[in-house]
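Secondary and tertiary structure notes
Residue strings, one per chain:
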Amino acid sequence: MIVRHTKEVEQLMKEFYEGLSEKKKRHYVAIEAKKLGRSGITYISKLLACSRSTIHTGLKELRLLPEKKHDTRIRRKGGGRKKSEEIHENLNEVFLATLKDDIAGDPMNEQIRWTHLTHEQIRQRLINQFDIHISVPVVKKLLKKHGFKRRKAQKKQTLKQVPGRDQQFNYIAQLRAEYQQTGNPIISMDTKKKEMIGNFYREGKLYTKTPLIVN
């Protein structure tokens, strides 16, 4: 027969349990299970949503307490969350591969690079293409690690709508991939900036004796 506490006592136990450190949680569930006898482990495990192995570990630690009076460690050795790089050994390479076709930058400064992809889009690509599941905060850390910085939007986008623009860029990306596979060189040129050459108007003022007449 499984011994149960009243609903009021169970609620107090849950609230108390949530406020404990990991080490004290293990000891608390072990003590409560021990008080209830053979059925205690099953009952406490369900009540406080902890695994049976956690309770067994707590019981073992309680037996060894006299030998560990000076052990102040809260987590078990080797416990805690692992870094994403430890879980996925090739995470950095895969991350850069995910971005390679969506990177822009300043052709005059290699240190200035950015991507139009959102954190969530990058996360979803890693899941869909490589079955790597990481959180948005990890995506932010990876972007920072590899030199990508947030940039303020600038009012330079043309209002002109070009039909089939997406298809054009997709076709360029396809050609680039084909040339890379065959070992052919690829030259990338930035042709967005235009400068009028000749006697044309320029912003700014300067001292002159006669008016400046331009085209």
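Each remark here, short or long, concerns the structure printed above.
Heads up: these notes are all about the structure in this document. Computed from a prediction, not measured in an experiment: that's the story for all the values here.

**Side note on the overall build of the protein chain**
When you go through the protein chain residue by residue, the secondary structure sums to nine helices and two strands. Listing the helices and strands of the protein chain from first to last along the sequence gives α-α-α-α-α-α-β-β-α-α-α. Counting all 215 residues of the protein chain, 22% fall into the buried class. About 18500 Å² of surface is accessible on the protein chain, with carbon and sulfur atoms providing 54% of the total.

**Points about the nonpolar core**
Side chains of a nonpolar character, in soluble globular proteins, are inclined to be buried together. Tyr17, Tyr28, Val29, Ile44, Leu48 and Ile55 are the most contacted members of the largest nonpolar core, which totals 16 residues. Listing elements by their share of this core, those giving two or more residues are helix 1 (7–18), helix 2 (22–35), helix 3 (40–47) and helix 4 (52–63). Filtering out sequence-adjacent residues up to four positions away, tyrosine 28 remains in contact with Met13, Phe16, Tyr17, Leu20 and Leu48.

**Some thoughts on a positive patch on the surface**
On the surface, Arg4, Lys7, Lys14 and Lys46 cluster together into a positively charged patch. With respect to the element layout, lysine 14 can be found in helix 1. Judged by its relative accessible area of 35%, lysine 14 falls in the partly exposed class.

**Looking at helix 9 (residues 165–182)**
Its 18 residues place the ends of helix 9 26 Å apart at the C-alpha level, agreeing with the 26 Å of an ideal helix rising 1.5 Å per residue. Positive phi appears at glycine 183, one or two residues downstream of helix 9, with a value of about 80°.

**Comments concerning the packing of aromatic side chains**
Tallied over the full model, the rule gives one aromatic pair. Judged by centre distance (5.1 Å) and plane angle (70°), the rings of phenylalanine 16 and tyrosine 28 are edge-to-face. With phenylalanine 16 in helix 1 and tyrosine 28 in helix 2, this pair connects stretches of sequence that are twelve residues apart. The ring of tyrosine 17 has lysine 25 sitting right over it, with the charged end atom 5.0 Å from the ring centre.

**Digging into unusual backbone geometry**
A negative phi angle is the norm for most residues apart from glycine, just as the trans form is the norm for most peptide bonds. Its identity is not glycine, yet alanine 49 carries a phi of approximately 55°, on the positive side. You can see alanine 49 is positioned in the loop between helix 3 and helix 4. Note on alanine 49: relative accessible area 71%, which makes it exposed. Positive phi, close to 55°, is recorded for aspartate 131, a residue that is not glycine. Among the secondary structure elements, aspartate 131 is positioned in the loop between helix 7 (119–130) and helix 8 (136–145). Residue class for aspartate 131 comes out exposed when judged on its relative accessible area of 56%.

**A look at the pattern of salt bridges**
Summed over all chains, the structure comprises three salt bridges. With a shortest N-O distance of 3.2 Å, lysine 35 and glutamate 32 are connected by a salt bridge. Residue lysine 35 and its partner glutamate 32 are both found in helix 2; the two are separated by three residues, about one turn of the helix. Judged by relative accessible area, which is 58%, lysine 35 ranks as exposed.

**Considering helix 8**
Every buried residue of helix 8 is accounted for by Val138, Val139, Leu142 and Leu143. Along the long axis of helix 8, the arc covered by the buried residues comes to 140°, so they all point the same way. Residues of helix 8 that are exposed and point over 90 degrees away from its buried face: Lys141 and Lys144. With its phi angle positive at about 85°, glycine 147 sits one or two positions after the end of helix 8.

Here is what the cut-offs are and how they apply
Residues numbered from 1 in each chain as written. Predicted model: local features only at pLDDT ≥ 70, side-chain atom pairs only at ≥ 80, totals over all residues. Heavy atoms only, no water. Helix = DSSP H or I, 4+ residues; strand = E, 2+ residues; numbered from the N terminus. Buried < 20%, exposed > 50% of the residue type's maximum accessible area, 1.4 Å probe, protein only. Areas by Shrake-Rupley, 256 points an atom, 1.4 Å probe, with all protein chains shown as cover. Core = buried A, V, L, I, M, F, W, Y, C linked by side-chain atoms within 4.5 Å. Contact = heavy atoms within 4.5 Å. Patch = residues over 30% accessible without salt bridge, like charges linked within 9 Å, V, L, I, M, F, W, Y side chains within 5 Å. Salt bridge = Lys/Arg side-chain N within 4 Å of Asp/Glu carboxyl O. Lys, Arg positive; Asp, Glu negative; His and termini not counted. Charge placed at Lys NZ, Arg CZ, Asp CG, Glu CD. Expected span 1.5 Å × (residues − 1). Phe/Tyr/Trp six-rings, centres within 6.5 Å; stacked < 30°, edge-to-face > 60°. Lys NZ or Arg CZ within 6 Å of the ring centre and 35° of its normal. Arc of directions from axis to C-beta.

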